[in-house]
Amino acid sequence: MTSFPAQARRVHDSTRSPQRRLHALRECTLHCAPYGFRATWHHLIVTARIPRRLTDDLDALVRAVDELQAVRDVVLPRAQEYAAERRREKATGRRIPQTSPPWNSWGWCQIAYCPEPEHHPTTPLATVVQAVFDRHAAGVSVDTHCLACGTERRLPGRGCPVCGVHADGPAARHHGILAAERWQRIWHREPDDGRASLAP
Ligand SMILES: [Zn+2]
């Protein structure tokens, strides 16, 4: 798997076939998926309005990768800062991290994990991730509040009823046949009975 910047350039490259550009977008999403891959992919399809027939709107692929780039710009400095801190800790013999920020324990690509692919925040990815960082820095506990939207958590073990983010991260995977069928529809960018219009 090549790097995010290399794949992002491929998404922008209009000399490539639409399918190859879509494949490069998928690779970018595997690198940077704050909601987990499936929910992040669904978010991009909806907000960038990626049509079922890609040639109907090739700019949609660029809109999608630009949104990923924006959120990566928010996350990367934090991840690098954390990695440097860990190197310093290890150099002093501390094997267990002193701090456990969510982008470490959940993987920085799953900062606001949404187990249900179609239930995720509707605001831009970078806005949501910044909100998670800000609430974390302000000392808000994931045990009492959703870090993404601030909603009070009344039912431990459940995802946020407002924005879909689950504090347990990828451990809260969504299983079942229905989920698999829904994922196939999302993947092929097919409208879902009017509930979520995936095509313009
Ligand atoms: Zn929430």
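No experiment lies behind these values; they were computed from the predicted model shown. (Residues numbered from 1 in each chain as written. Predicted model: local features only at pLDDT ≥ 70, side-chain atom pairs only at ≥ 80, totals over all residues. Heavy atoms only, no water.)

> What is the right way to read the nonpolar core from this model?
As a rule of thumb, soluble globular proteins bury nonpolar side chains together. Ranked by size, the top nonpolar core spans 42 residues in total, and within it Leu 25, Trp 41, Ile 50 and Leu 68 carry the most contacts. Counting residues per element, this core draws most heavily on helix H4 (residues 59–91), which supplies eight residues. Those residues in contact with Leu 68 that lie beyond four places of it in its chain are Phe 4, Leu 25, Cys 28, Thr 29, Cys 32, Thr 40, Leu 44 and Leu 125. (Core = buried A, V, L, I, M, F, W, Y, C linked by side-chain atoms within 4.5 Å. Buried < 20%, exposed > 50% of the residue type's maximum accessible area, 1.4 Å probe, protein only. Helix = DSSP H or I, 4+ residues; strand = E, 2+ residues; numbered from the N terminus. Contact = heavy atoms within 4.5 Å.)

> Sorry, what's going on with the packing of helix H3 (residues 37–47) against H4 here?
Axis separation between H3 and H4 bottoms out at 9 Å; the angle between their running directions is 130 degrees. In this view, H3 runs oblique relative to H4, as classed from their interaxial angle. The crossing of H3 and H4 is right-handed. Counting all contacts with H3, which are made through Thr 40, His 43, Leu 44 and Thr 47, the residues of H4 involved are Ala 64, Glu 67 and Leu 68. Grouping the constituent residues of the contact of H3 with H4 by class yields three nonpolar, three polar and one charged. (Axes fitted to C-alpha atoms, helices over the stretch in contact; angles between N-to-C directions. Parallel < 35°, antiparallel > 145°, perpendicular 65-115°, else oblique. Left-handed = near helix turned anticlockwise from the far one by under 90°. Nonpolar A, V, L, I, M, F, W, Y, C, P; charged D, E, K, R; others polar.)

> Explanation requested: the coordination of the zinc ion in the structure shown.
At the metal site, the zinc ion is ligated by Cys 146 (SG), Cys 149 (SG), Cys 160 (SG) and Cys 163 (SG), and these contacts range over 2.3 Å. The site at the zinc ion holds four donor atoms, and with the angles between them running 102 to 118 degrees, its shape is tetrahedral. In the primary structure, the donors to the zinc ion are separated according to the pattern C-x2-C-x10-C-x2-C. Of the two residues, Cys 146 is situated in the loop between helix H6 (125–137) and helix H7 (177–187) and Cys 163 in the loop between H6 and H7; the sequence distance between them amounts to 17 residues. Since its relative accessible area comes to 5%, Cys 163 is described here as buried. (Donors = N, O, S within 2.8 Å, 3.2 Å for Na, K, Ca; no water. Tetrahedral: all angles 85-135°; square planar, octahedral: opposite > 155°, others 65-115°.)

> Any chance you could explain the pattern of salt bridges here in plain terms?
Close approach of charged atoms allows side chains of opposite charge to pair. The full count for this structure, using the stated rule, is nine salt bridges. Taking the shortest distance from any N to any O, the salt bridge between Arg 26 and Glu 27 comes out at 3.3 Å. Using a relative accessible area of 10% as the deciding quantity, one classes Glu 27 as buried. Residue Arg 88 is joined to Glu 85 by a salt bridge in which the shortest nitrogen-to-oxygen separation is 2.9 Å. With Arg 88 and Glu 85 both in helix H4, this residue pair falls three residues apart, about one helical turn. Ionic contacts of the salt-bridge type, sharing partners, join the residues Glu 116, Glu 118 and Arg 182 into one network. (Salt bridge = Lys/Arg side-chain N within 4 Å of Asp/Glu carboxyl O.)

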